[in-house]
Amino acid sequence: MAGRRAQIDRQELARLVAEGWTVRRIAEHFGVSESGVLQAKRAAGLARPTLDHRAAIPWTVKREHVQSGPATNLRNLSAVAQGGSVPPEKVNTALRWAQRLIDAGSDVSYDPEAGFTEVPASPEDSHIAGVLARARQALSGGTRGA
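By convention here, each chain's residues receive numbers from 1 onward along its written sequence. Residue-level local features of this predicted model are given only where pLDDT is at least 70; pairs of side-chain atoms are given and counted only at 80 or more, and the full residue set underlies all totals for whole chains, interfaces and linings. Note that the side-chain values use all heavy atoms of the structure and ignore hydrogens as well as water.

(A) Representation of the overall build of the protein chain in the model. Only runs of H or I of at least four residues qualify as helices and only runs of E of at least two qualify as strands under DSSP, and these elements are numbered from the N terminus. Per the secondary structure count, the protein chain includes 6 helices and 2 strands. Moving toward the C terminus, one meets the helices and strands of the protein chain in the order α-α-α-α-α-β-β-α. Taking 2.2 N^0.38 as the reference for a compact globule, 146 residues should give roughly 15 Å; the C-alpha atoms of the protein chain span a radius of gyration of 20 Å, well beyond that estimate. By principal-axis analysis of the C-alpha atoms, the protein chain measures approximately 65 × 35 × 25 Å. Buried means the residue's accessible area, taken with a 1.4 Å probe over protein chains only, is under 20% of the maximum for its type, while exposed means over 50%, and partly exposed covers the values in between. Within the protein chain, buried positions represent 27% of all 146 residues. The contact rule is simple, with two residues in contact once any of their heavy atoms fall within 4.5 Å. The contacts of the protein chain with a sequence gap of at least 6 include a subset with a gap of at least 24, amounting to 52%. Carbon together with sulfur atoms contributes 50% to the accessible area of the protein chain, which is approximately 9400 Å² in total. In summary, the charge assignment counts Lys and Arg as positive and Asp and Glu as negative, without counting His or the chain termini. Working definition for charges: the position is that of NZ of Lys, CZ of Arg, CG of Asp or CD of Glu. One way to put it: in the protein chain the 19 positive side-chain charges average out to a point 8 Å from where the 15 negative ones average out. Our radius of gyration looks at C-alpha atoms and nothing else; its globule reference is 2.2 Å times the residue count to the power 0.38. Computed by Shrake-Rupley with a 1.4 Å probe, the accessible areas treat only the displayed protein chains as cover when residues are assessed.

(B) Molecular detail of the pattern of salt bridges. Here, a salt bridge means any Lys or Arg side-chain nitrogen found within 4 Å of an Asp or Glu carboxyl oxygen. Applying the stated criterion across every chain, the model contains 7 salt bridges. Residues Arg15 and Glu12 are paired through a salt bridge, measuring 2.8 Å at the closest nitrogen-oxygen approach. Of this pair, Arg15 and Glu12 both sit in helix α1 (residues 10-18), 3 residues apart, which is roughly one turn of the helix. Take Glu12: its relative accessible area is 21%, and that puts it in the partly exposed class. Glu118 is the salt-bridge partner of Arg100, the closest N and O atoms lying 2.8 Å from each other. Taken together, the positions of Arg100 in helix α5 (residues 88-103) and Glu118 in strand β2 (residues 115-120) put the pair 18 residues apart, joining distant regions of the chain.

(C) The pairing of β2, seen in detail. When strand β1 (residues 106-111) meets β2, the two strands line up antiparallel, connected through 6 bridges. Paired with Ser109 across the bridge in β2 is Thr117. Hairpin connection from β1 to β2: 3 residues lie between these consecutive antiparallel strands. Any two strands between which DSSP finds at least two bridges are classified as paired.

(D) Up close: the packing of helix α2 (residues 23-30) against helix α3 (residues 34-43). Only the stretch in contact is used when a helix axis is fitted, and all axes are lines through C-alpha atoms; the angle between N-to-C directions ranges over 0 to 180 degrees. Taken N-terminus to C-terminus, the directions of α2 and α3 make an angle of 100°; their axes are 8 Å apart at the nearest point. Taken together, the axes of α2 and α3 lie roughly perpendicular to each other. Residues Val23, Arg24, Ile26 and Ala27 of α2 touch α3, and the partners they reach there are Glu34, Val37, Leu38 and Lys41. Classification used: nonpolar for Ala, Val, Leu, Ile, Met, Phe, Trp, Tyr, Cys and Pro, charged for Asp, Glu, Lys and Arg, polar for all others including Gly. Split into classes, the residues belonging to the contact of α2 with α3 amount to 5 nonpolar, no polar and 3 charged. What sets the label is the angle itself: under 35 degrees gives roughly parallel, over 145 gives roughly antiparallel, 65 to 115 gives roughly perpendicular, and the rest give oblique.

(E) Local environment of the environment of Arg24. Residue placement: Arg24 occurs in helix α2. In this structure Arg24 comes out as exposed when scored by relative accessible area, which is 54%. Distance from Arg24 to Pro112, taken between C-alpha atoms, is 36 Å for residues 88 residues apart in sequence. Within polar-contact distance, the side chain of Arg24 engages the side chain of Glu34 at 3.3 Å. Nitrogen and oxygen atoms within 3.5 Å of one another constitute a polar contact, given that in protein one can donate a hydrogen and the other can accept it, and given that sequence-neighbouring residues count only through two side-chain atoms.

(F) Representation of the packing of aromatic side chains. Centre distance within 6.5 Å is the pairing criterion for rings of Phe, Tyr and Trp, where only the six-membered ring of Trp is used; planes under 30 degrees apart are then read as stacked, over 60 as edge-to-face, and the remainder as tilted. Enumeration over the complete set of coordinates arrives at 3 aromatic pairs. Residues Trp59 and Tyr110 carry aromatic rings whose centres are separated by 6.3 Å and whose planes lie at 40° to one another, so their mutual orientation is tilted. Highlighted residues: Trp59 in the loop between α3 and α4 (69-81) and Tyr110 in strand β1, separated in sequence by 51 residues. With relative accessibility at 24%, the residue Trp59 sits in the partly exposed group. Between Trp59 and Phe116, the ring centres sit 5.8 Å apart and the planes meet at 80°, which makes this aromatic pair edge-to-face. Linking Trp59 in the loop between α3 and α4 with Phe116 in strand β2, this pair joins segments that are 57 residues apart in sequence. Ring pairs connect the aromatic residues Trp59, Tyr110 and Phe116, which therefore count as one cluster. The criterion is that NZ of a Lys, or CZ of an Arg, lies within 6 Å of the ring centre and within 35 degrees of the ring normal, and then a charge sits over that ring. Residue placement shows Arg25 over the ring face of Trp21; its charged tip is 3.7 Å from the ring centre.

Below you can see the structure in the form of C-alpha cells.
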C-alpha cells in the first residue's frame, strides 16, 4: 500500500515564507521535497516571477563566460527592463557600460570560443541600444517587459 502524499497547507506556507523560512526548512517542516515546496509556492503565487533574459542574451553562453562583465551587465539591464530588483550600483554600472559602447559606435557580440566581444554597431539594429532602451524605459516608469 502506497503512503499518503504529504500536503502543504497554503496558509501555513504563506506564513512561513513571510517569516523568511528557507525552502529546505519548509520542506522539512511539511515532510516534502524542496521541489515540492517550490511547486507549492508557485501554485500559491508566493514565488518571485522568473525573469527571461533571452532578449538581452540571445546566444547560448558557455559556462566560463556566464559571469563575465558583459553577461552580467546584460542580465542586469534585462532584469531592470522586466521590473526585477537590481541593486542601484549594479544598474548604474550596466547603464554606463552600455552607454559607453553606444557612444563608441560599438555593439556587443558573443562567440563561444572568444566570449563576449565589442564589434562595430549596425546603424539599423544595435543589440546593445535595444537592451539599453528597454531598461531606460522601465526606469523612467514606462511599460515594463522584455
